Amino acid sequence: LQHIDDLIATGEYLKQGNSATVVKSELSGLPIVIKRYNTSSILSGVKQLVRVSGAYNSWFIAHWFLQNNIPTPRPLAVVELNIGLMRRRSYYIYEYILLESLEDLIRNHKSKEELEKIADKFIVLVKSMLKARVTHRGFKSSNVHIHLGEMCLVKLDHASYRYCDYSLRRLL
């Protein structure tokens, strides 16, 4: 992991954006996904001084999901590179698993019953998240995927654990 940017450079790009780059790569024979959070400006770097990185938040939420039997890819590592007190970049690394997007599943459904099963699984996911006291600001179909028949979230950096009942109820 000391040469994490080399892994990114030689990996298969899944998403390349200003705020984050997502790459499928391999580490010691294990297929992995590396999500690099880019600091776009000095202002964004200053903002990051007072909050947890997206990489660390994803790591925390992934472990919380797994502890609460909510499917998500297995988290492997968080790497944060700092310049003094400022976080320059952070990386969230998780196990690569073959996923089918919820959008594709809905688009390719063959019957009304199949669509109802998809809706039931989605409801189970949302109820499980609420029971685990987790909300997600970026909860959209492109962040929900299917693995081994179960719905799971893969973009966890906008998910939050809710400590008090008031903040959880306010969002319902």
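Preceding this section is the structure that the text describes.
Residues numbered from 1 in each chain as written. Predicted model: local features only at pLDDT ≥ 70, side-chain atom pairs only at ≥ 80, totals over all residues. Heavy atoms only, no water.

Caption draft 1: Quick look at the pattern of salt bridges. As enumerated under the stated definition, the model contains 5 salt bridges in all. The partner of Arg36 in a salt bridge is Asp5, and the shortest N-O contact between them spans 3.2 Å. Of this pair, Arg36 sits in strand β3 (residues 30-38) while Asp5 sits in helix α1 (residues 4-10), and the two are 31 residues apart along the sequence. Looking at Arg36, the relative accessible area reads 14%, which means it is buried. (Salt bridge = Lys/Arg side-chain N within 4 Å of Asp/Glu carboxyl O. Helix = DSSP H or I, 4+ residues; strand = E, 2+ residues; numbered from the N terminus. Buried < 20%, exposed > 50% of the residue type's maximum accessible area, 1.4 Å probe, protein only.)

Caption draft 2: Molecular detail of helix α3 (residues 54-67). For α3, with 14 residues, the first-to-last C-alpha span of 20 Å sits near the 20 Å given by 1.5 Å per residue. Turning to α3, its buried residues number three or more, namely Gly54, Ala55, Asn57, Ser58, Ile61, Ala62 and Phe65. Angular distribution of buried residues about the axis of α3 spans 155 degrees; they occupy a single face of the element. Looking at the residues trailing α3, positive phi occurs at Asn69, about 60 degrees. (Expected span 1.5 Å × (residues − 1). Arc of directions from axis to C-beta.)

Caption draft 3: Representation of the environment of Gln2 within the structure. Relative to the assigned elements, Gln2 resides in the segment before α1. Along the chain, Gln2 and Val79 lie 77 residues apart, while their C-alpha atoms are 9.3 Å from each other.

Caption draft 4: How the structure looks around the sheet that holds strand β9 (residues 150-153). Taken in spatial order, the 3 strands make up an open sheet running β6-β8-β9, and their pairing is antiparallel. Sheet topology places β6 (100-101) and β9 at the edges, where each strand pairs with a single neighbour. Looking at chain direction, strand β8 (residues 144-147) and β9 are connected through 4 bridges and run antiparallel. Across the sheet, Ile146 pairs through a bridge with Met151, a residue of β9. Seen against the sheet, helix α5 (residues 112-131) touches β8 and β9 and runs at an angle of roughly 50 degrees to β9. (Pairing = 2+ DSSP bridges. Contact = heavy atoms within 4.5 Å. Axes fitted to C-alpha atoms, helices over the stretch in contact; angles between N-to-C directions.)

Coordinates in, geometry out; function isn't part of it.
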